[in-house]
Amino acid sequence: EQHRFVYAWEARPGSGEVGPDGRQAGEITLSDLLYDSFRFNLSRQIVGEVRGGEIVAMVKAMQSGAGSISTTHARNAQGVMSKLVTCALEAGESREWAVSALSESLDIIVQASMRDVIDDDGQKRRVRWVSEILAVSPGEDWSRPATTTIFSTIPGTQTLVPGVMPDDLREELIPFGFDADAYYAAAGEAS
């Protein structure tokens, strides 16, 4: 279903002379755009791909409470947190800020995997699948977030198997049709 109202904002680098504010002429940052977007009372904010300084805008969007989606590249779902902390360090933020902000704001990590395969007719194609889903919460000492594997992939396959569903997430998902009994039955079969 199409959303009735979608507002697209896109950051752009500046060019030319540096103004009195220290920014290049014409520069529009994600932080500028995010700040303006808060006035629109949005139901979702999507901060695209996070590769560096965008991490600050991503965290602000997640903290806004409206709901947010972002992407990044990492080897596996556990590696996402390390990657995002590195992005925060590159943006000039402290490790403590990064770990705390991500632990408090990030709820779910969905890892998509990709592989090139050759079909029987010799045609090459890319296959993508969800390979891991983790829940994220603050760790006991706040120096590292706690993660819970909700789903993982059987090695060498594209088959997801249930792991552990955090109670608070289960309760949040049930009104939207999540079948907790089926999840736990499949988790019992997988172990």
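Computed from a prediction, not measured in an experiment: that's the story for all the values here.

Colleague: Which parts of the structure should I look at to understand helix 4 (residues 95–105)?
Modeller: Within helix 4, burial applies to Ala98, Val99, Ala101, Leu102, Ser103 and Ser105. Those residues of helix 4 hidden inside the fold are in contact with helix 2 (54–63), helix 3 (77–90) and strand 4 (124–137).

Colleague: Help me out: how do you make sense of the sheet that holds strand 6 (residues 160–162) in this one?
Modeller: By way of backbone hydrogen bonds, the strands of a sheet pair with one another, either parallel or antiparallel. Taken in spatial order, the 4 strands make up an open sheet running 3-4-5-6, and their pairing is antiparallel. One side of each edge strand has no neighbouring strand; the edge strands of this open sheet are strand 3 (108–118) and strand 6. Taking each pair of neighbouring strands and ignoring which way they run, the sheet shows an average axis angle of 35 degrees. Strand direction decides the pairing type here: strand 4 and strand 5 (residues 146–153), joined by 6 bridges, are antiparallel. When the bridges of strand 5 are listed, Ala135 appears paired with Thr148. Contacts between helix 3 and the sheet are confined to strand 3, strand 4 and strand 5, with strand 3 contributing the most and set at about 115 degrees to the helix.

Colleague: Where do I start with the side chain of Ser105 in this structure?
Modeller: Within the secondary structure layout, Ser105 lies in helix 4. A relative accessible area of 11% places Ser105 in the buried class. At a separation of 2.9 Å, a polar atom in the side chain of Ser105 contacts the main-chain carbonyl oxygen of Ala101. Apart from the residues lying within four places of it in its own chain, the contact partners of Ser105 are Val59, Met62 and Gln63.

Colleague: I keep staring at the packing of aromatic side chains and nothing clicks. Help me out?
Modeller: Aromatic ring pairs are reported here in terms of the distance separating the ring centres and the angle at which the planes meet. Enumeration over the complete set of coordinates arrives at 3 aromatic pairs. Ring geometry for Phe151 against Tyr183: centres 5.4 Å apart, planes inclined by 90 degrees, an arrangement best described as edge-to-face. Here Phe151, found in strand 5, pairs with Tyr183, found in helix 6 (residues 180–190); they are 32 residues apart in sequence, far enough to count as distant. With a relative accessible area of 21%, Phe151 lands in the partly exposed category.

Cut-offs applied
- Residues numbered from 1 in each chain as written.
- Predicted model: local features only at pLDDT ≥ 70, side-chain atom pairs only at ≥ 80, totals over all residues.
- Heavy atoms only, no water.
- Buried < 20%, exposed > 50% of the residue type's maximum accessible area, 1.4 Å probe, protein only.
- Helix = DSSP H or I, 4+ residues; strand = E, 2+ residues; numbered from the N terminus.
- Contact = heavy atoms within 4.5 Å.
- Pairing = 2+ DSSP bridges.
- Axes fitted to C-alpha atoms, helices over the stretch in contact; angles between N-to-C directions.
- Polar contact = N/O pair within 3.5 Å; in protein donor to acceptor, adjacent residues only side chain to side chain.
- Phe/Tyr/Trp six-rings, centres within 6.5 Å; stacked < 30°, edge-to-face > 60°.

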